[in-house]
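The chain contents come next:
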Amino acid sequence: MSAPFELITSDPQSRARTGKLNLAHGTVHTPAFVPLATKGTVKGLLPSEVADLGYEMVLGNTYHLFLDPGHDRVRDAGGLHEFMRWDRPIITDSGGFQVFSMGHGTVADEIKGRASHGAARHGKTLDISEDGVRFRSHVDGSEKFLAPETSMEIQHALGSDIALVFDECTPFNVTRDYTARSTERTHRWLERCLDWHEANGSADQLVYGIVQGGVYDDMRVESAETIAASRCGGIAIGGSLGAEKDQMYEVVGWTTAVLPEDRPRHLLGIGDVDDLIRGVELGIDTFDCAMPTRLGRHGVALIPDPDRRWRVDLTGAKFREDDSPLCEGCPCPACTAGFTRSYLRYLLQGKELTALRLLVLHNLAFIERLMRGLRDAINENRLADHAAQLRAGAMP
């Protein structure tokens, strides 16, 4: 097989680049967005539909697949590719984000002031130690344990093309001292993951280390340099990236500034349109996020309107008699079929699954065209102009 990552073009005015990820189940052209197939499916869509939109890789969730149906069941079914009938590359996360979110709370919890655990939550982190994490399953309340070796064993059984190492995902609301101790533990866990993979893993599975360090520039740089000096084949950027977008871009910029050019870079959990554009400019190769599919399932479509965060909520009463197309000039299945905003609102009001499918198809098609356009612009040395046009409201 070719080298895992081939750099094709570097933008002279930014850190943006195009490349190819050469993986066991195919090639991924970067920069690229990776839809979530959390529980072995991109919600509402067939694998063939996701492929027809142009996607070359999806992300499976180790935590959820570990709890149900179980990694042994998936392995016995031939691995995740065979189980979900997807024959292109798959990246799996480590499960760390989910188990630590139960203890620390998610970003949404921070923003909305929700409790991170308690009677309202079935899952709960019970203990974090050097060995790993004990937690209570949100599925049946049973006690479970995840360690670096466990996470790698699960991802090996799933048979993903890219596995992420087990890390402690620290949120924005912890102290600098906690962030420092957490990051050091993540680095120790990195070596345990790589040791397990070297002794037991598949040579066809690429392993990504994860940069932590919170919002502190010295910790981010140190973590990035530590991950880059390790045996990992790729590098992901995780943890809290700040309280607002400008801070997030600053944190990502600190990190990519010191990363080597010869390994792929993945930004975990980021997928808003403006964040994808800026992330590409900062040198990110791949992104994953629930945003386009989650918005679609809640009646929100992506449109070229930066003043409204590139979104329109079709559940609003003002669309009851709006016979205009969902998005003028969009080549997605929902728009080319001629479905109007009025019709989609009508379906949404009636909780018809057809509307959710159409909006998920539309949103994923919108993001795929966005990423393809950014790739083309980098290759043709016109990224600055193209990014400015997108930020001004141009159709991807």
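Overview of the structure. Think of each chain on its own: its residues are numbered from 1, step by step along the sequence as written. Thresholds applied to this predicted model are a pLDDT of at least 70 for local features of residues and 80 or more for the giving and counting of side-chain atom pairs; totals over whole chains, interfaces and linings are not thresholded and use all residues. Side-chain metrics in this entry use all non-hydrogen atoms of the structure; hydrogen atoms and water are not considered.

**Points about the side chain of Thr 92**
Link 1 in the chain: Position of Thr 92 among the secondary structure elements: in strand S6 (residues 90-92).
Link 2 in the chain: On the basis of relative accessible area, Thr 92 is assigned to the buried category, the value being 0%.
Link 3 in the chain: Each polar contact in these results corresponds to two N or O atoms within 3.5 Å; when the atoms are within protein, one needs to be able to donate a hydrogen and the other to accept it, and residues that are neighboring in sequence are counted only if both atoms are side-chain atoms. For Thr 92, the side chain forms a polar contact with the side chain of Ser 160, separated by 2.7 Å.
Link 4 in the chain: If near-sequence neighbours (up to four positions away) are discounted, Thr 92 is found in contact with Gly 60, Thr 62, Gln 155, Leu 158, Ser 160, Ile 162, Ala 163 and Leu 164. The helix count covers DSSP runs of H or I at least four residues long, the strand count covers runs of E at least two residues long, and both are numbered beginning at the N terminus. Type-normalised accessible area, obtained with a 1.4 Å probe on protein chains alone, sets the label of each residue: buried when under 20%, exposed when over 50%, and partly exposed for intermediate values. Working rule for contacts: check all heavy atoms of both residues, and any pair within 4.5 Å makes them a contact.

**Describing the sheet that holds strand S2 (residues 17-23)**
Link 1 in the chain: One bridge is not enough; two strands pair if DSSP finds at least two bridges between them. Judged by pairing direction, the sheet is antiparallel, and its three strands sit side by side in the order S1-S2-S3 without closing on themselves. Two strands bound the open sheet, and with one partner strand each, they are strand S1 (5-10) and strand S3 (26-30). Pairwise comparison of adjacent strand axes, ignoring direction, gives a mean angle of 15° for this sheet.
Link 2 in the chain: For S1 and S2, the ladder comprises five bridges, and the chain directions are antiparallel. Counted as the bridge partner of Leu 7 is Gly 19 from S2.
Link 3 in the chain: Geometry is summarised by axes, namely lines fitted to C-alpha atoms with helices restricted to the contacting stretch, and by angles between N-to-C directions that run from 0 to 180 degrees. Contacts between helix H15 (residues 353-379) and the sheet are confined to S1, S2 and S3, with S2 contributing the most and set at about 115° to the helix.

**Overview of the pairing of strand S11 (residues 206-211)**
Link 1 in the chain: Taken across its six residues, S11 has six buried, putting it largely inside the fold.
Link 2 in the chain: Covered by surrounding structure in S11 are Leu 206, Tyr 208 and Ile 210 together with Val 207, Gly 209 and Val 211, the residues of both alternating faces.
Link 3 in the chain: Relative to S11, strand S10 (residues 162-164) runs parallel, the two sharing three bridges. The partner of Ala 163 across the bridge, within S11, is Val 207.
Link 4 in the chain: Crossovers are marked right-handed if the path from the first strand over the helix to the second runs clockwise, as seen with the strands pointing away from the viewer. One crossover worth recording links S10 to the parallel S11 by way of helix H8 (residues 176-200), and it is right-handed.

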